[in-house]
Amino acid sequence: MSKINKKKLMKNLPSYIRFAIQLCFFLVLPSAFTGAFSGVKYIFTSLGEGTVLEATSFVTVLITLCVFTVVFGRFFCGFACAFGSLGDWVYAIGQFVQKKLKKRLPAIPVRVRKALDWVKYVVLVLIAGLCFLGVYGDLSGSSPWDVFSMFTALSFHLDGYAVGIVLLALILVGMVFQERFFCRFICPMGAVFSLLPMLPLFSLFRSRENCIRGCNACGNKCPADLSLPDDGGEAVASRCFQCQKCTGICPKSNVHTGIKIIRGNEWWWMLVRGVILLACCKLLAGM
Ligand code: SF4
Ligand code: SF4
Ligand code: SF4
């Protein structure tokens, strides 16, 4: 292999490993996202009915993912959620096609993106309210993630799911226009994660004093429009999808986790977190 190809391979290795981990979780645990969100819906339905909360399998999945996220940040979102991975792949295909056609779709302006960030909390409150009132079940055919779950389970009994199918199609279109469209603007489970108090251990920071003057490559690459804090600044963990794009793009290898010697996209560190998450889901949540 030529020196240039080897250098390119090493540079892209973290992206390949991330893709491999995403694919594994997509095939092995495609229902983790819907399982955890069913836990949220169950909790609000029980509160509305005034019944005692039980440790159902959905609640166990929810608790497992939340505890993992508090410790490791949103690694689940960046590497293991089937819906998040779908969004990454749809966006990547969209980018590839646009490059080939030499045509660019219009981007959603940053100001609008920042305003849309709040929509996911509205979606969460709406669904929680409907569950609390005991009427969410009447709208089951309108859930795009239920439709997605049926697809991943290779179940195509979609009678009564017309609204859910249309919403899923619209979400897929949004995924072409904006990276992490669903995660960032709509996902109620993402809203739950972003409300969790997370340990700053594995949040990302940059050593500003080493930055190239005028550079903002990490900020420009971030699908959440995050500006990485300097060392010791306020952590962005709850809003960060742990996609590792900022780490990969930095020409100075200047982005690192709260534990400075770990950059976040080392192959072994990705695998360690993937294995811990898989073990938690299999052993604790029985998935
Ligand atoms: S924000 Fe939602 S859809 Fe996106 S990766 Fe996280 S749980 Fe999955
Ligand atoms: S680019 Fe960096 S800061 Fe932005 S979401 Fe991805 S990992 Fe988080
Ligand atoms: S990409 Fe690297 S050098 Fe550029 S601003 Fe971000 S951390 Fe600094």
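Above this note sits the structure.
Residues numbered from 1 in each chain as written. Chains lettered and ligands numbered in written order. Predicted model: local features only at pLDDT ≥ 70, side-chain atom pairs only at ≥ 80, totals over all residues.

### A closer look at the overall build of the protein chain
The test is simple: The secondary structure listing takes helices from DSSP runs of H or I that are at least 4 residues long and strands from runs of E that are at least 2 residues long, numbered from the N terminus. Our radius of gyration looks at C-alpha atoms and nothing else; its globule reference is 2.2 Å times the residue count to the power 0.38. Partly exposed residues are those whose C-beta has more than 12 but fewer than 20 other C-beta atoms within 10 Å; 20 or more makes a residue buried and 12 or fewer makes it exposed, with C-beta atoms placed from the backbone. By definition, residues are in contact whenever their C-beta atoms, placed on the basis of the backbone, come within 7 Å of each other.
Counting its regular elements, the protein chain contains 14 helices and two strands. Over its C-alpha trace the protein chain gives a radius of gyration of 20 Å, about what one expects of a compact globule, namely 19 Å for 287 residues. Each principal axis of the C-alpha atoms in the protein chain carries an extent, and together these give about 60 × 45 × 40 Å. Scored against the burial criterion, the 287 residues of the protein chain give a buried share of 37%. Sequence separation of at least 24 residues holds for 72% of the intrachain contacts in the protein chain that already meet a minimum separation of 6.

### With respect to helix α11 (residues 188–195)
In an α-helix, one turn spans 3.6 residues, which is why side chains three or four residues apart end up on the same side. Counting buried positions along α11 gives seven out of eight residues, so the element sits mostly inside the fold. For α11, every residue scored as buried is listed here: Pro188, Met189, Gly190, Ala191, Val192, Phe193 and Ser194. Structurally, α11 contributes buried residues whose contacts are with α2 (32–49), α3 (57–72), α4 (75–80), α7 (119–132) and α10 (181–186).

### Notes on the site of ligand 1
The test is simple: To decide nearness, the C-beta atom of each residue is placed from the backbone, and the residue is near a molecule or strand if that atom lies within 6 Å of it.
Within the structure, ligand 1 sits among Phe33, Cys77, Cys81, Phe83, Gly84, Phe182, Cys183, Cys187, Met189 and Gly190. Of all the secondary structure elements, the ones that give two or more residues to the shell around ligand 1 are α5 (82–101), α10 and α11.

### Structural notes on the nonpolar core
Operational definition: As used here, a nonpolar core is made of buried Ala, Val, Leu, Ile, Met, Phe, Trp, Tyr and Cys residues. They are joined through C-beta atoms within 7 Å.
Grouped together as the largest cluster of nonpolar side chains are 62 residues, with contacts concentrated most on Ala32, Phe33 and Phe182. No other element matches the six residues that α3 contributes to this core. Not counting the four nearest positions on each side in its chain, Phe182 is found in contact with Phe83, Gly87, Ile171, Gly174, Met175 and Cys187.

### Considering the packing of α5 against helix α9 (residues 162–177)
Operational definition: In this description, a line fitted to the C-alpha atoms serves as the axis of each element, helices being fitted only across the stretch in contact, and the angle between N-to-C directions of two axes falls anywhere from 0 to 180 degrees. Throughout this description, any angle smaller than 35 degrees is read as roughly parallel, any larger than 145 degrees as roughly antiparallel, any in the 65 to 115 degree range as roughly perpendicular, and the remainder as oblique. By convention the crossing between two helices is left-handed if the near helix lies anticlockwise of the far one by an angle smaller than a right angle, and right-handed if it lies clockwise. Nonpolar residues are Ala, Val, Leu, Ile, Met, Phe, Trp, Tyr, Cys and Pro. Charged residues are Asp, Glu, Lys and Arg, and all others, Gly as well, are polar.
In the contact formed by α5 and α9, the axes pass within 7 Å of each other and the chain directions differ by 55°. The angle between α5 and α9 falls in the class oblique. Classified by chirality, the crossing of α9 by α5 is right-handed. On the side of α5, the interface is formed by Gly87, Val90, Tyr91 and Gly94, while α9 contributes Leu172, Met175 and Val176. Classifying every residue of the contact of α5 with α9 by side-chain character gives five nonpolar, two polar and no charged.

### Let's talk about the environment of Phe19
By the secondary structure assignment, Phe19 is in helix α1 (residues 3–28). Residue class for Phe19 comes out partly exposed when judged on the 16 C-beta atoms lying within 10 Å of it.

### Digging into unusual backbone geometry
At Asp225, a position not held by glycine, the phi torsion is positive, near 55°. One can find Asp225 in the loop between α12 (217–221) and α13 (245–249). Phi at Ser253 takes a positive value of approximately 50°, unusual for a residue other than glycine. Within the fold, Ser253 resides in the loop between α13 and β2 (255–257). Of the residues examined, Ser253 has 11 C-beta atoms within 10 Å and is grouped as exposed.

### Some thoughts on the site of ligand 3
Looking at ligand 3, the residues that line it are Arg206, Cys211, Ile212, Cys215, Asn216, Ala217, Cys218, Ile249, Cys250, Lys252, Asn254 and Val255. Per-class residue counts for the shell around ligand 3 are eight nonpolar, two polar and two charged.

### Regarding the packing of α3 against helix α14 (residues 267–284)
Two numbers describe how α3 lies on α14: the axes approach to 10 Å, and their chain directions differ by 155°. By the angle between their axes, α3 is roughly antiparallel relative to α14. The interaxial crossing formed by α3 with α14 has right-handed handedness. Across from Thr60, Thr64, Phe68 and Phe72 in α3, the residues of α14 making contact are Arg273, Leu277, Cys280, Cys281 and Leu284. Classifying every residue of the contact of α3 with α14 by side-chain character gives six nonpolar, two polar and one charged.

### Some points on the environment of Leu124
Relative to the helices and strands, Leu124 is located in helix α7. Discounting chain neighbours no more than four positions away, the residues touching Leu124 are Pro188, Ala191 and Val192.

### Notes on the environment of Gly274
Following the sequence through the fold, Gly274 ends up in helix α14. Expressed as a C-alpha distance, the spacing of Gly274 and Ile21, which sit 253 residues apart in the sequence, is 7.1 Å. Setting aside anything within four residues of it in sequence, one finds Gly274 in contact with Ile21 and Phe79.

### Remarks on α9
What counts, and what does not: Here a helix's expected span is defined as the number of its residues, less one, multiplied by 1.5 Å. The directions considered for the arc run from the helix axis to the C-beta atoms.
Between its first and last C-alpha atoms α9 spans 23 Å; for 16 residues at 1.5 Å apiece the expected length is 22 Å, and the two agree. Residues of α9 that are buried include every one of Gly164, Leu168, Ile171 and Met175, and no others. Axial view of α9: buried residues confined to an arc of 60°, hence all on one face. The exposed residues of α9 that point more than 90 degrees off its buried face are Ala162, Ala169 and Val173. Residues of α9 that are buried make contact with α5, α8 (144–152) and α10.

No statement about biological role is implied by the geometric values presented.
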